[in-house]
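Coordinates in review
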Amino acid sequence: MTTAERARDAWRDALEASTTGTTSSPPPPIAGVERARGRRATSHHQNHQQNQRTERTARAREVANDFVSRALNRSFDVDGSREFWRELDEASERDAGFGVAALAAFARRRRDDAGTNGRSDVDEDGSGDAETVDEPMGDAEGCARREVDDESFCARATRALASLASARDVDGAPSARRDAFRRDVADASRGLSEWWCRGRASGVTYEACRDALMASRRFARGSTDDGRAATPQDACLLRVACRAKAYDDIDAFGLLDDARSVEIDARGTCLEATDFLLSRYYGGRAHLARKRYDDAAKWFRDAVTAPANALSAIAVVCLKKYVLARALSEKTSLAALSRAESELPPYTSAAVTRYAASRDFDAYAEMQTAIASRSVDEYERVAEAHAETYAADGNAGLVDLLRERVLAERARGLAETYSTLRLEDAARILRVPSARDAEILLCRAALGGYVNAVIDGVDGIVRFLEDDAVDAPTDADVADALRRRLEAAHALDARVREENARLAKSRKYVTHEVNETRKTAAAQTRMESHS
């Protein structure tokens with residue numbers, strides 16, 4: 001029996017051993033005055049079952065982690081690595097669940113190794129090239145072995161995830177095994193997207209990786225009662241698609257649908273806080289690529305305002321891009337950036353608020369002030385002073401786009417002051433080199449909707465039209481937008497009512513409220529007695 005087969009048997013025993021000697025059916029219902037006591041007994045029985053499933057899942061995970069760690073810690077060469085994967089394939093033929101568990105353990109181990117070497121969960125430069133990955137120091141043979149391990153993992157994870165059956169097909173399995181399998185699928189998906197984007201899966205095409213993650217996403221959503229629930233695979237898919245610049249796939253799969261219509265079921269989908277933050281980061285990047293700056297700002301804002309006790313590197317990256325995307329959005333007036341409207345929402349965590357007020361954020365705070373002033377000189381001064389910071393953060397391109405936004409706003413100022421103007425004078429006021437540059441700038445401002453003007457290139461004159469001549473939204477557009485807002489409001493109201501009804505029936509919530517009421521009453525009684 002090989003090492004992988006022994007680990008497979010130990011993994012099975014960990015999931016099934018503690019099921020013996022316990023009853024899976026709840027106690028019989030008790031009527032009359034004993035009904036409340038019966039409900040408490042049923043609740044305790046359900047909690048006991050859940051605790052047992054959690055313990056079995058944790059033991060099985062320890063077995064898989066120990067098996068993979070021992071294999072990776074051995075000092076064998078590339079041939080030994082291939083032998084390890086061959087043994088794993090043979091052990092997985094009789095139990096696909098163990099194969100997914102071993103792949104998930106490998107993904108966790110490699111992510112732990114990456115964390116100890118200072119790697120981030122986000123691609124700061126937006127590329128995710130393999131050259132940006134810091135590998136542990138070692139000899140050439142060790143590096144070759146890690147490359148073989150990564151390629152072997154990605155190939156097997158792609159096959160395993162692509163062949164996933166419906167989540168309903170595993171409902172007949174024991175509860176502990178089902179819970180462990182869902183979590184292992186999520187970890188394997190995270191590992192596949194991580195190393196594919198790092199360029200460590202040369203034998204896996206984008207289409208194969210995408211299809212595998214889509215199958216994993218369907219499996220995760222099938223594990224919940226609501227098919228709209230957010231899953232860890234959402235962030236994985238967005239990351240892979242952004243790396244491949246396949247933005248059409250993102251739109252086709254509905255990955256950028258309104259985030260406010262998404263349910264959160266962490267227990268059913270194994271969603272973690274990092275998954276949510278990464279989905280908002282890569283979703284915002286996809287909106288930036290489509291030049292949908294207002295939508296990008298909303299997605300980045302969701303990550304920035306997510307509840308947190310400590311500062312996250314992902315929240316910091318999203319905060320920087322949120323400021324720039326909001327400044328690029330046509331729906332944001334530059335004057336609002338210098339007022340209280342530019343401040344973060346009041347429900348932002350204290351950790352993020354402190355960072356936004358620190359010196360580490362000065363480069364972006366100063367850029368926001370420069371953009372609000374509509375001064376090209378002030379913009380260029382700040383951009384030059386913090387050029388290295390913007391380049392290191394991967395935001396140099398967004399900062400360059402802000403110059404066009406400032407110039408377009410200055411062109412709007414011309415329309416408010418002049419009705420007719422020569423292009424030479426416009427070039428002098430806008431501080432551009434020539435009349436030709438002024439003509440190009442005014443054309444872009446007109447196409448962007450900042451001004452309504454007619455440019456006579458022959459005579460070198462620009463005529464600004466009245467605001468009434470600007471195309472206004474039609475009644476049909478306004479009615480359609482209002483209808484969508486009302487539908488979203490009704491859907492949110494229904495969800496709030498459903499949640500209130502669920503909480504009203506929750507014994508834990510009612511007990512907490514009763515205890516809090518008793519504490520408040522007792523405190524008031526003590527105060528009255530002292531007075």
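Remember, it's a predicted structure, so these values are computed and weren't measured experimentally. (Residues numbered from 1 in each chain as written. Predicted model: local features only at pLDDT ≥ 70, side-chain atom pairs only at ≥ 80, totals over all residues. Heavy atoms only, no water.)

The next thing to look at is the overall build of the protein. Counting its regular elements, the protein contains 22 helices and three strands. Counting across all 531 residues of the protein, residues that qualify as buried make up 42%. Contacts in the protein between residues far apart in sequence, at least 24 positions, make up 71% of those at least 6 positions apart. Here the protein has roughly 28500 Å² of accessible surface; of this, 50% comes from carbon and sulfur atoms. (Helix = DSSP H or I, 4+ residues; strand = E, 2+ residues; numbered from the N terminus. Buried < 20%, exposed > 50% of the residue type's maximum accessible area, 1.4 Å probe, protein only. Contact = heavy atoms within 4.5 Å. Areas by Shrake-Rupley, 256 points an atom, 1.4 Å probe, with all protein chains shown as cover.)

Contact geometry of helix 8 (residues 232–244) with helix 11 (residues 273–289) gives a least axis separation of 8 Å together with a crossing angle of 35°. The element helix 8 and its partner helix 11 pack so that their crossing is left-handed. Contacts between helix 8 and helix 11 pair Pro232, Ala235, Leu238, Arg239 and Cys242 from the former with Asp275, Leu278, Ser279, Tyr282, Gly283, Arg285 and Ala286 from the latter. Here the residues of the contact of helix 8 with helix 11 are counted per class, giving seven nonpolar, two polar and three charged. (Axes fitted to C-alpha atoms, helices over the stretch in contact; angles between N-to-C directions. Left-handed = near helix turned anticlockwise from the far one by under 90°. Nonpolar A, V, L, I, M, F, W, Y, C, P; charged D, E, K, R; others polar.)

Let us now look at the nonpolar core. In this structure, Phe67, Phe153, Ile250, Met367 and Ile371 are the most contacted members of the largest nonpolar core, which totals 120 residues. The dominant element in this core, judged by the number of residues it contributes, is helix 13 (residues 313–328), at 12 residues. In this view, Ile250 contacts Leu238, Ala241, Cys242, Leu255, Leu256 and Ala286; residues no more than four positions away in its chain are not counted. (Core = buried A, V, L, I, M, F, W, Y, C linked by side-chain atoms within 4.5 Å.)

Quick look at the pattern of salt bridges now. Any two side chains of opposite charge can pair, given that their charged atoms come close. This structure, assessed with the given rule, holds 31 salt bridges. Salt-bridge contacts for Asp150 lead to Arg200; the nearest nitrogen and oxygen are separated by 3.5 Å. Pair noted here: Asp150 is in helix 5 (residues 140–162) and Arg200 is in the loop between helix 6 (175–197) and helix 7 (206–222), with a separation of 50 residues, a long-range link. Residues Glu194 and Arg239 are paired through a salt bridge, measuring 2.9 Å at the closest nitrogen-oxygen approach. Note that Glu194 is positioned in helix 6 and Arg239 in helix 8, a separation of 45 residues in sequence. Given the relative accessible area of 4%, Glu194 is considered buried. (Salt bridge = Lys/Arg side-chain N within 4 Å of Asp/Glu carboxyl O.)

Pairing between strand 1 (residues 420–422) and strand 3 (residues 461–464): three bridges, direction antiparallel. Among the inter-strand pairings, Arg422 is bridged to a residue of strand 3, identified as Ile461. With four bridges joining them, strand 2 (residues 453–456) and strand 3 adopt antiparallel strand pairing. Residue pairing across strands places Ala453 opposite Phe464, the latter belonging to strand 3. (Pairing = 2+ DSSP bridges.)

Taken N-terminus to C-terminus, the directions of helix 1 (residues 3–16) and helix 3 (residues 78–94) make an angle of 40°; their axes are 8 Å apart at the nearest point. One way to sum up the angle between helix 1 and helix 3 is to call them oblique. At the point where helix 1 passes helix 3, the crossing takes the right-handed sense. Here Thr3, Ala4, Glu5, Arg8 and Arg12 of helix 1 lie close against helix 3, whose contacting residues are Glu87, Leu88, Ala91 and Arg94. Its residues assigned to classes, the contact of helix 1 with helix 3 shows three nonpolar, one polar and five charged. (Parallel < 35°, antiparallel > 145°, perpendicular 65-115°, else oblique.)

All right, on to helix 1 then. End to end, helix 1 covers 20 Å across 14 residues, agreeing with the expected 20 Å (1.5 Å per residue, within 8%). Of all the positions in helix 1, only Ala4, Glu5, Ala7, Arg8, Trp11, Ala14 and Leu15 are classed as buried. (Expected span 1.5 Å × (residues − 1).)

Looking now at the sheet that holds strand 1. Taken together, three strands build an open sheet; the order of strands is 1-3-2 and the sheet is antiparallel. Bordering the open sheet on either side are strand 1 and strand 2, each of which pairs with just one other strand. Sheet twist, expressed as the mean angle between neighbouring strand axes with direction ignored, is 20°.

This part covers the packing of aromatic side chains. In total, this model carries nine aromatic pairs according to the counting rule given. When the ring of Tyr364 is compared with that of Tyr390, the centres are 5.3 Å apart and the planes differ by 75°; the resulting orientation is edge-to-face. Residue Tyr364 is found in helix 15 (residues 362–373), and its partner Tyr390 is found in helix 17 (residues 387–392); the two are separated by 26 residues along the sequence. We classify Tyr390 as buried; its relative accessible area is 2%. Members of the aromatic cluster, joined through ring pairs, are Phe84, Trp85, Phe106 and Phe153. Against the face of Trp195 rests Arg110, its NZ or CZ located 4.5 Å from the ring centre. Here the guanidinium or amino end of Arg280 rests over the ring plane of Trp299, the centre of that ring lying 4.6 Å away. (Phe/Tyr/Trp six-rings, centres within 6.5 Å; stacked < 30°, edge-to-face > 60°. Lys NZ or Arg CZ within 6 Å of the ring centre and 35° of its normal.)

Here we take up helix 15. With 12 residues, helix 15 ought to run about 16 Å at 1.5 Å a step, and its terminal C-alpha atoms sit 16 Å apart, in line with that. Of the residues making up helix 15, those classed as buried are Ala363, Tyr364, Met367, Gln368, Ala370, Ile371 and Ala372. Where helix 15 is buried, its residues touch helix 13, helix 16 (376–385), helix 17 and helix 18 (396–417). Arg374 sits one or two residues past helix 15 and shows a positive phi near 60°.

A few words on unusual backbone geometry. With the exception of glycine, most residues fall at negative phi, and the peptide bonds are largely trans. Even without glycine at this site, Cys270 takes up a positive phi of about 65°. Unlike most non-glycine residues, Lys291 shows phi in positive territory, near 60°. Residue placement: Lys291 occurs in the loop between helix 11 and helix 12 (293–304).

As a further point, take the side chain of Asn395. Here Asn395 is to be found in the loop between helix 17 and helix 18. Aside from chain neighbours lying at most four places away, what touches Asn395 is Lys320, Lys321, Leu324, Tyr364 and Tyr390.

Our focus in this paragraph is the confidence of the model for the protein. When pLDDT is averaged across the protein, the result is 79; 79% of the residues are at 70 or more. Low pLDDT, under 50, characterises residues 124–137; the predicted model gives this stretch 28 contacts beyond four residues in sequence or across chains. When the criterion is pLDDT under 50, residues 167–172 qualifies, and its contacts beyond four places in sequence or with other chains add up to nine contacts. (pLDDT = per-residue confidence, 0-100.)

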